[in-house]
Amino acid sequence: MVDVMANWRAVQDRIARAAQRSGRSPESIEVVAVTKGVPVEGIAPLIKSGIAAIGENRVQEALAKYTAAEWRDEVEWHFIGHLQTNKVKQCLQIASLIHSVDSIRLLREINRRAEVLGLDRVRVLLQVNVSGESTKFGFSPSTVPKALEEAVSCPRVAVQGLMTIAPYEENPERTRPVFRKLRLLGEKLEQQGFPSFEMKYLSMGMSNDFEIAVEEGANLLRIGSAIFGQR
Ligand SMILES: *Cc1c(COP(=O)(O)O)cnc(C)c1O
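Residues numbered from 1 in each chain as written. Predicted model: local features only at pLDDT ≥ 70, side-chain atom pairs only at ≥ 80, totals over all residues. Heavy atoms only, no water.

A. Main features of the site of the ligand. The environment of the ligand is formed by Val34, Lys36, Ile80, Ile165, Met206, Ser207, Arg222, Ile223, Gly224, Ser225 and Arg231. The side chain of Lys36 places a nitrogen or oxygen atom 2.6 Å from an oxygen atom of the ligand. One of the side-chain nitrogen or oxygen atoms of Ser207 is found 2.5 Å away from an oxygen atom of the ligand. In isolation the ligand offers 380 Å² of accessible surface; the protein chains occlude 89% of this area. In the shell around the ligand, the residues fall into five nonpolar, three polar and three charged. (Near = heavy atom within 4 Å. Polar contact = N/O pair within 3.5 Å; in protein donor to acceptor, adjacent residues only side chain to side chain. Areas by Shrake-Rupley, 256 points an atom, 1.4 Å probe, with all protein chains shown as cover. Nonpolar A, V, L, I, M, F, W, Y, C, P; charged D, E, K, R; others polar.)

See below:
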């Protein structure tokens, strides 16, 4: 059996050491526990143990768990997967942060739905396809400024940072350039001062590569299998 709490402590330890190595405070780094494929009972022990949020990548599954979990209001729910425009309405009912806005069309639809639902400020991150893999969603780095200009006309949406998924690497060290590029892009955009943009979150790093992401400045890690075991 997987000892989720032991795994979680080990992950926290590794984050603290990576933070130390890079002169960062571990408290500045938050973990989204990625719970896709994990049943509600399997998640329960983690609630109130220091995770920032739980992350789901499918609206249907997230809603089913949200409805079933007695602890639903004791934790934030983050959406981290590709979001279809026809699922935005449901997603907005539970997600307090959407990490994965990957098109201007989606940005506009979130704004429109937020208006209908009377939500003032839907917090989102823009997903950036740094590595340029054709299998990955996200804005190419060069199109992010255009998306931020578009966000000016989406007053119900608050863009609070950037997210990326690095390619899987046997040797996680090889992901470093991807994470570094995202951090530098964030810094550049921040300097350019888009009114629709606050560079608050750098969501990067998963089970295989989170220590490298920490060293490169991530402050929101999305970690699944290192906590819950292999799916
Ligand atoms: C599944 C998933 C994760 C977590 O992956 P692990 O390798 O299990 O840690 C992180 N981010 C996204 C977008 C995911 O879909």
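B. Broad picture of the environment of Leu220. Mapped onto the elements, Leu220 comes out in strand E8 (residues 220-223). The exposure class of Leu220 is buried, given its relative accessible area of 0%. Between the C-alpha atoms of Leu220 and Ser25, which are 195 residues apart in sequence, the distance is 13 Å. Not counting residues up to four positions away in its chain, the partners in contact with Leu220 are Glu30, Val32, Leu97, His99, Leu125, Tyr201, Leu202, Ser203 and Met204. (Helix = DSSP H or I, 4+ residues; strand = E, 2+ residues; numbered from the N terminus. Buried < 20%, exposed > 50% of the residue type's maximum accessible area, 1.4 Å probe, protein only. Contact = heavy atoms within 4.5 Å.)

C. Representation of the nonpolar core within the structure. Judged by nonpolar contacts, the single largest core of 71 residues is most densely connected at Ile98, Ile110 and Leu162. Here this core gets six residues from one element, more than from any other, and that element is helix H1 (residues 4-21). Apart from the residues lying within four places of it in its own chain, the contact partners of Ile110 are Val88, Leu92, Ile98, Val101, Val122, Val124 and Val157. Judged by nonpolar contacts, the second largest core, of seven residues, contains Val32, Ala53, Leu97 and Tyr201. (Core = buried A, V, L, I, M, F, W, Y, C linked by side-chain atoms within 4.5 Å.)

D. Up close: the side chain of Thr35. Following the sequence through the fold, Thr35 ends up in the loop between strand E1 (30-34) and helix H2 (40-43). Excluding its chain neighbours within four sequence positions, the residues that come into contact with Thr35 are Ile43, Ile54, Gly55, Glu56, Glu61, Lys65 and Phe228.

E. Local environment of the pairing of strand E4 (residues 97-101). With respect to burial, E4 is a largely interior element, five of its five residues being buried. The pairing of strand E3 (residues 76-79) with E4 spans two bridges and is classified as parallel. Directly across from His78, in E4, lies its bridge partner Leu97. Following the chain from E3 across helix H4 (residues 88-94) to the adjacent parallel E4, one finds a crossover that is right-handed. Strand direction decides the pairing type here: E4 and strand E5 (residues 122-127), joined by two bridges, are parallel. Looking across to E5, one finds that Ile98 is bridged to Val124. (Pairing = 2+ DSSP bridges. Right-handed = clockwise from strand over helix to strand, strands pointing away.)

F. View of the environment of Ala226. Counting through the fold element by element, Ala226 comes out in helix H9 (residues 225-228). Between the C-alpha atoms of Ala226 and Pro45, which are 181 residues apart in sequence, the distance is 15 Å.

G. Looking closely at helix H5 (residues 104-117). With 14 residues, H5 extends 20 Å between its outermost C-alpha atoms, agreeing within 8% with the 20 Å of an ideal straight helix rising 1.5 Å per residue. Within the sequence span of H5, burial applies to Ile104, Leu106, Leu107, Glu109, Ile110, Asn111 and Ala114. Looking at the buried residues of H5, the elements they touch are H4, E4, E5, helix H6 (144-151) and strand E6 (157-163). Immediately downstream of H5, the backbone of Gly118 shows phi near 75 degrees, a positive value. (Expected span 1.5 Å × (residues − 1).)

H. Seen up close, the side chain of Glu109. Residue position: Glu109 is located in helix H5. Residues contacting Glu109, with those up to four places away along its chain left out, are Thr85 and Val88.

I. Looking closely at the pattern of salt bridges. Throughout the structure, instances matching the rule amount to 18 salt bridges. Taking the shortest distance from any N to any O, the salt bridge between Arg176 and Glu215 comes out at 2.6 Å. Taken as a pair, Arg176 in helix H7 (residues 176-192) and Glu215 in helix H8 (residues 210-215) lie far apart in primary sequence, 39 residues in all. With a closest N to O distance of 2.9 Å, Arg183 and Glu216 form a salt bridge. Residue Arg183 is found in helix H7, and its partner Glu216 is found in the loop between H8 and E8; the two are separated by 33 residues along the sequence. According to the relative accessible area criterion, Arg183 is partly exposed, its value standing at 23%. Residues participating in the shared-partner salt-bridge network are Arg21, Glu173, Arg176, Arg180, Arg183, Glu187, Glu215 and Glu216. (Salt bridge = Lys/Arg side-chain N within 4 Å of Asp/Glu carboxyl O.)

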